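Chain by chain, the residues run as shown.
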Amino acid sequence: MKTIFNIINFVLVLLLCSCVGTVEDVNPNRTKGSAAGKGRIAFDGIYDARAIAHDKVEIFFYPSLLAVTDVTYIISYDGLTVEKTVPGANLRPDYRGLLKYTVSGLDINTEYAFSVQAKNSDGLISTSTLIKRAKTFANKTANFVGIGEVKNLPGFDGRTALRVEWPAAERQGTITPKDEDVIQYEIILLDSDIATPVAFDDISFVEPFRKVVYVDGAKISHQVNGLQPDTKYFIRVRGIHKGMSTNGDDPNYRAEQNSNYILMGTLSDDMSTIDVDTSSFSVEIPRSVEGKYSLNTTWASAKGSFDHYRLYYKQTSAGAPWASYKSARDTVCSGKETNDASWSCVEIGFEKDRYTISDLVPFTNYDVYLLVCGTKTCEIGDAIEFSSTPPYKTNPGHAKFNGIYAIENAKYYWALNEIYLRLTPPDINSGVVDGVLVELKERVSGPLSDVFLNHPDYASGLNLAVANFDYKTADEIIVSGVSLSESEPYCFSLIPYYYSDGNLIENRNNETTSCILPRVKTPTQDEFPGLTNAVVDSSTNTLTLTWGAPLGGVYQGFAIFLKIGGGPFLYSEGINSDPNYIRINVPFSYSSYQIPFMNSGDYQVGILAYYNDGTTETFSEPNINVQPFTVGP
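So, how was this worked out
- By convention here, each chain's residues receive numbers from 1 onward along its written sequence.
- Reporting in this predicted model follows two pLDDT cut-offs: at least 70 for local features of residues, and 80 or more for side-chain atom pairs to be given and counted; totals over whole chains, interfaces and linings ignore these cut-offs and use all residues.
- Computation of side-chain values covers all heavy atoms of the structure but excludes hydrogens and water.
- Two rings from Phe, Tyr or Trp (for Trp, the six-membered ring) form a pair when their centres sit within 6.5 Å of each other. Planes less than 30 degrees apart are called stacked, planes more than 60 degrees apart edge-to-face, and all others tilted.
- Secondary structure counts use DSSP, requiring at least four H or I residues in a row for a helix and at least two E residues in a row for a strand, with both numbered from the N terminus.
- Burial here depends on accessible area, computed with a 1.4 Å probe over protein chains only, as a share of the maximum for the residue type. Under 20% is buried, over 50% is exposed, and the range in between is partly exposed.
- The term disulfide is used for any two cysteine sulfur atoms that are within 2.5 Å.
- In this analysis, a patch consists of residues with relative accessible area above 30% that form no salt bridge, clustered at 9 Å for like charges and at 5 Å for the nonpolar side chains Val, Leu, Ile, Met, Phe, Trp and Tyr.
- Here the open area of atoms and residues is found with the Shrake-Rupley method and a 1.4 Å probe, where only the protein chains shown may cover a residue.
- The term salt bridge refers to a side-chain nitrogen of Lys or Arg lying within 4 Å of a carboxyl oxygen of Asp or Glu.
- Note on pairing: DSSP must find at least two bridges between two strands before they are called paired.
- Angles shown run from 0 to 180 degrees and are taken between the N-to-C directions of axes, each axis being a line fitted to C-alpha atoms and, for helices, limited to the stretch in contact.

A. Structural detail: the packing of aromatic side chains. Throughout the structure, instances matching the rule amount to 39 aromatic pairs. An angle of 5 degrees between the planes, with centres 5.0 Å apart, marks the rings of phenylalanine 363 and tyrosine 498 as stacked. In this pair, phenylalanine 363 is assigned in the loop between strand 20 (354-357) and strand 21 (365-373) and tyrosine 498 in strand 30 (residues 490-500), connecting sequence segments 135 residues apart. The exposure class of phenylalanine 363 is buried, given its relative accessible area of 9%.

B. Molecular detail of the state of the cysteines. Taken as a whole, this structure holds 3 disulfides when the rule is applied. Across the disulfide from cysteine 373 sits cysteine 378; the S-S distance is 2.0 Å. A torsion of -65 degrees about the S-S bond marks the disulfide between cysteine 373 and cysteine 378 as left-handed. Pair check on accessibility: cysteine 373 and cysteine 378 agree, each one buried. Taken in N- to C-terminal order, the disulfide-linked cysteines of the chain are connected 1-2, 3-4, 5-6.

C. Representation of a nonpolar patch on the surface in the model. Together, Tyr412, Tyr413 and Trp414 give the surface a local cluster of nonpolar side chains, amounting to about 330 Å² of exposed area. As for its position among the elements, tryptophan 414 is in the loop between strand 24 (404-408) and strand 25 (418-423).

D. Expanded view of the sheet that holds strand 9 (residues 162-165). Ordered in space as 8-9-12, the 3 strands form an open sheet in which the pairing is antiparallel. Two strands lie at the open edges of the sheet, namely strand 8 (149-152) and strand 12 (221-224), each paired on one side alone. For this sheet the average axis-to-axis angle between neighbouring strands, irrespective of direction, equals 20 degrees. Examined bridge by bridge, strand 9 and strand 12 share 4 bridges and lie antiparallel to one another. Residue pairing for strand 12: glutamate 165 is matched across the bridge by serine 221.

Just geometry here; none of it tells us what the structure is for.
And the structure:
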């Protein structure tokens with residue numbers, strides 16, 4: 001059949017080429033340009049000129065024998081004051097070997113004489129005297145440059161469809177289109193095995209060899225369906241302007257006739273033509289709790305004509321192995337396989353390159369395989385298998401954890417046997433963690449081996465206890481029961497863990513050990529800087545003092561020291577009951593205090609936190625926030 005059409009096409013080409021355009025040959029035909037004597041360039045000049053709109057003419061010429069990077073073509077026509085120059089590298093031969101250039105900006109219904117010369121890099125210019133004439137259309141047409149790009153469709157549709165794109169034609173009207181505005185685009189596709197572009201407008205060619213599609217003028221692309229697989233098409237787009245709707249019956253009224261085309265082929269239905277990197281398949285365990293229940297799969301997208309992907313998975317210990325089962329797969333992929341229910345199948349669109357398998361069993365090995373399917377049923381001959389190296393275990397590993405970074409002494413006078421383990425919570429987005437164990441290291445005074453104080457499955461047997469805490473958010477852990485009279489430090493580690501098949505799996509990867517010798521520590525100067533303000537109400541001679549609560553250390557109240565008169569203020573004198581000082585004790589919870597009806601005079605005032613164990617009184621570190629003030633005139 002194709003042989004018959006090729007013969008028909010050859011005859012049509014001969015007939016059409018003998019009568020294309022209205023031209024004037026001023027000189028007889030010459031042979032194609034060739035290098036001639038020194039100092040001149042042999043170039044045939046213009047071959048044809050053809051009007052395509054009211055302001056455009058396409059001119060054709062054979063390439064010069066000069067290298068495309070060394071030649072510039074000079075295009076002239078009557079009325080032109082500055083010649084047009086086109087680098088040879090900017091032009092490409094058409095199916096006949098001719099170069100084409102579109103001259104625009106011409107006058108409507110006007111005849112022009114065109115000529116073309118070639119110039120080399122030394123400035124030498126050919127001397128062709130050949131002229132071709134063409135007359136622009138007598139009516140305005142759309143301003144449209146023609147086809148822009150043709151793309152293959154991904155997946156199975158690429159076998160029978162192409163996406164044609166073009167730049168929008170110029171629009172003159174706003175809400176209502178003007179006569180020269182495009183209202184429709186004409187797309188024509190020619191089977192390149194049957195016809196050449198000369199047959200674009202030959203209605204004797206019908207589908208499937210010549211396909212004509214009309215689309216709305218608002219579109220700039222269109223998917224053309226119903227094409228033949230593995231077939232190259234010549235594709236052209238023209239704009240039909242509004243005036244054609246009322247003047248189309250007038251043979252002298254014309255639409256724009258650009259001859260721009262692109263040669264593009266549909267994809268083959270042969271699986272061997274699919275470009276696929278079978279080594280790109282990867283299975284990763286999410287680095288969070290989701291990794292216990294899911295697997296992330298990724299791959300490099302296949303290129304070519306295929307229908308979909310299929311992802312197969314099962315628990316490694318169940319069902320038939322992949323090597324034998326892949327030839328017994330169901331033709332329909334929709335969850336559990338009927339031939340072996342241990343296998344599951346997921347159909348994935350051709351445009352995807354990743355998929356997450358979810359609802360899996362934690363800490364379990366899985367076999368996972370991926371196929372590229374050329375057909376809906378994806379039988380053995382229509383599938384390509386990616387490389388896979390199972391098993392893949394649903395275990396994201398331990399969450400990141402940095403352990404203890406400090407241990408602090410007791411904070412409250414009513415809980416002196418407490419210490420505080422400082423930590424940064426585990427990074428629950430980096431792995432699995434079900435809890436954090438507090439481990440007391442062995443001591444000469446006991447215990448004689450490391451002991452977990454809060455193991456979920458058994459008690460420690462010690463008097464030490466760990467207060468409940470949320471391992472996901474806690475930044476401190478309270479351990480109670482320590483002795484203040486010990487001479488041997490207590491040492492601790494924090495060990496995150498998770499459960500697998502009922503077994504507790506410890507994580508000692510970043511284990512750190514910190515130690516403390518518990519003692520009562522009153523606030524430091526940094527933890528309690530003293531008074532923040534001292535204000536005298538002159539109407540009542542009342543002094544108001546304010547301060548902030550200590551940020552650390554043990555204390556059970558505050559001691560205000562009021563010195564009468566000037567001279568240096570020394571906390572030590574006030575503590576030792578110097579007669580120039582008055583001491584006022586204030587309860588633990590206070591942050592302000594008033595001293596009313598004071599005698600006139602000069603004073604100084606300061607404050608310390610203190611703790612009294614019944615035998616010894618201990619104060620916070622002296623601070624510098626001593627406030628002088630005057631009462632009365």
